[in-house]
Amino acid sequence: MKKIICREDFWELFPDCKIGIVVCSGITNVYRGDETQYETMIRESEEKALTYLTESNFSDNRVIKVWRDAYTKFKTKKGARCSIEALLKRISKENHLGTINPIVDIYNSVSLSHAMPCGGEDIDRMEGNLLLTRADGDEPFYVIGSDENQPPFPGELVYKDDRGAVCRCWTWREAKRTMLTEETKNAMLCCELIDLQRWEDFLDVLECLKRETEEKLGGKAQIKILDIDHREAELL
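Residues numbered from 1 in each chain as written. Predicted model: local features only at pLDDT ≥ 70, side-chain atom pairs only at ≥ 80, totals over all residues. Heavy atoms only, no water.

Caption draft 1: Inspection of the pattern of salt bridges at higher detail. This model, assessed by the stated rule, comprises 20 salt bridges. Note that Arg43 and Glu39 form a salt bridge whose closest N and O atoms lie 3.8 Å from each other. With a gap of 4 residues between them, Arg43 and Glu39 both fall in helix 2 (residues 35-49), about one helical turn apart. Exposure remark for Glu39: the relative accessible area of 38% places this residue in the partly exposed category. Note that Arg62 is salt-bridged to Asp195, the shortest N-O span being 2.7 Å. (Salt bridge = Lys/Arg side-chain N within 4 Å of Asp/Glu carboxyl O. Helix = DSSP H or I, 4+ residues; strand = E, 2+ residues; numbered from the N terminus. Buried < 20%, exposed > 50% of the residue type's maximum accessible area, 1.4 Å probe, protein only.)

Take a look at the structure:
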């Protein structure tokens with residue numbers, strides 16, 4: 001049985017953080033002649049995302065600032081930002097997202113529509129448990145789209161398994177080894193909450209991920225929330 005485990009060195013940095021996961025099992029992650037439906041979903045989410053950008057200075061928007069502040073607490077690659085900042089920056093420049101595959105389209109849409117970071121990994125491609133922890137600095141990491149090993153810095157926050165880093169700089173870049181593809185049958189979707197004023201939004205993100213995945217891709221999905229008092233959860 002694989003687990004996700006948040007180690008003590010993570011909670012020392014972010015004791016109030018909540019980690020929400022949606023474990024999706026038995027999905028069929030392929031388009032069924034309905035790719036335009038996903039494109040429409042993304043466009044609608046992009047429009048909603050823009051409502052969170054109310055400040056003229058991009059970094060002054062609360063949904064950006066809370067993550068900028070969080071990223072000052074651990075070692076990061078220069079220029080690394082939370083995934084939701086990257087998405088919001090992109091659409092603020094009218095650079096639309098494209099479709100990738102159904103489950104990625106779903107979590108990108110939910111992430112944008114709530115202005116909160118979402119990601120996903122193929123559980124079957126993980127080796128051992130998934131840890132959220134500070135990196136040793138020698139974990140292999142091959143980002144999506146590259147064949148170059150780019151290991152994390154010592155002390156950098158990462159998701160990692162027995163084989164190497166799965167996501168660098170907490171939410172910044174995902175490894176191609178565990179990325180979600182059309183072959184994915186069992187997936188873990190994730191959302192991190194550091195702004196506790198957005199607790200209800202966080203719960204809605206998880207419910208949306210669960211509902212959209214079950215309705216569109218079949219299978220079953222289960223929500224689990226980790227915090228300082230509940231530091232691990234079973235995957236599959």
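This is not the end of the story, as more comes after the structure.
Caption draft 2: The side chain of Glu174, seen in detail. In this structure, Glu174 sits in strand 7 (residues 173-174). There is no salt bridge for the buried Glu174, and the closest opposite charge comes from Arg173, which lies 9.0 Å off by N-O distance. Among the polar contacts made by the side chain of Glu174, one reaches the side chain of Tyr107 at a distance of 3.2 Å. Discounting chain neighbours no more than four positions away, the residues touching Glu174 are Tyr107, Gly119, Gly120, Glu121, Phe141, Tyr142, Val143, Ile144, Val166 and Cys167. (Lys, Arg positive; Asp, Glu negative; His and termini not counted. Polar contact = N/O pair within 3.5 Å; in protein donor to acceptor, adjacent residues only side chain to side chain. Contact = heavy atoms within 4.5 Å.)

Caption draft 3: Focus on the packing of helix 3 (residues 62-70) against helix 4 (residues 83-92). Orientation of helix 3 relative to helix 4, taken along the N-to-C sense of each, is 140°, at an axis distance of 9 Å. As judged from the angle between their axes, helix 3 and helix 4 are oblique. The handedness of the crossing between helix 3 and helix 4 comes out as left-handed. The segment helix 3 lies against helix 4, with Val63, Ile64, Trp67 and Arg68 engaging Ile84, Glu85 and Leu88. Considering only residue class, the contact of helix 3 with helix 4 consists of 5 nonpolar, no polar and 2 charged. (Axes fitted to C-alpha atoms, helices over the stretch in contact; angles between N-to-C directions. Parallel < 35°, antiparallel > 145°, perpendicular 65-115°, else oblique. Left-handed = near helix turned anticlockwise from the far one by under 90°. Nonpolar A, V, L, I, M, F, W, Y, C, P; charged D, E, K, R; others polar.)

Caption draft 4: Layout of helix 6 (residues 199-217). With 19 residues, helix 6 extends 27 Å from end C-alpha to end C-alpha; this agrees with the ideal 27 Å at 1.5 Å per step. Three or more residues of helix 6 are buried, namely Phe202, Val205, Leu206, Cys208, Leu209, Glu212, Thr213, Lys216 and Leu217. Relative to the axis of helix 6, the buried residues are bounded by an arc of 160° and lie together on one face. Set apart from the buried face of helix 6 by more than 90 degrees, the exposed residues are Glu200 and Glu215. One or two positions beyond helix 6, positive phi appears at Gly218, with a value near 75°. (Expected span 1.5 Å × (residues − 1). Arc of directions from axis to C-beta.)

Caption draft 5: Main features of the packing of helix 4 against helix 5 (residues 102-114). Look at helix 4 against helix 5: their axes get within 10 Å of each other, and the N-to-C directions meet at 80°. Judged by the angle between their axes, helix 4 and helix 5 are roughly perpendicular. Between helix 4 and helix 5, the residues in contact are Ile84, Leu87, Leu88 and Ile91 and Asn108, Ser111 and Leu112, respectively.

Caption draft 6: Looking closely at helix 5. Here helix 5 is 13 residues long and its end C-alpha atoms lie 18 Å apart, about the 18 Å a rise of 1.5 Å per residue gives. The element helix 5 is largely enclosed, with a buried count of 13 among its 13 residues.

Caption draft 7: Broad picture of the sheet that holds strand 3 (residues 118-122). Spatially, 4 strands are ordered 3-8-2-9 in an open sheet, and the strand pairing comes out antiparallel. With partners counted over all chains shown, the strands left at the sheet margins are strand 3 and strand 9 (220-226), one partner each. Neighbour to neighbour, the strand axes of the sheet diverge by 20° on average, direction disregarded. The pairing of strand 2 (residues 18-25) with strand 8 (residues 186-193) spans 8 bridges and is classified as antiparallel. When the bridges of strand 8 are listed, Gly20 appears paired with Cys191. (Pairing = 2+ DSSP bridges.)

Caption draft 8: Looking closely at the packing of aromatic side chains. Applying the stated criterion across every chain, the model contains 11 aromatic pairs. Between Phe14 and Phe74, the ring centres sit 6.5 Å apart and the planes meet at 80°, which makes this aromatic pair edge-to-face. In this pair, Phe14 is assigned in the loop between helix 1 (8-13) and strand 2 and Phe74 in the loop between helix 3 and helix 4, connecting sequence segments 60 residues apart. Here the two residues Phe14 and Phe74 agree in accessibility, since each one is buried. Arranged with centres 5.6 Å apart and planes meeting at 35°, the rings of Trp199 and Phe202 form a pair that is tilted. Taken together, the residues Trp199 and Phe202, both in helix 6 and 3 residues apart, mark about one turn of the helix. (Phe/Tyr/Trp six-rings, centres within 6.5 Å; stacked < 30°, edge-to-face > 60°.)

What is shown is where atoms sit, not what they do.
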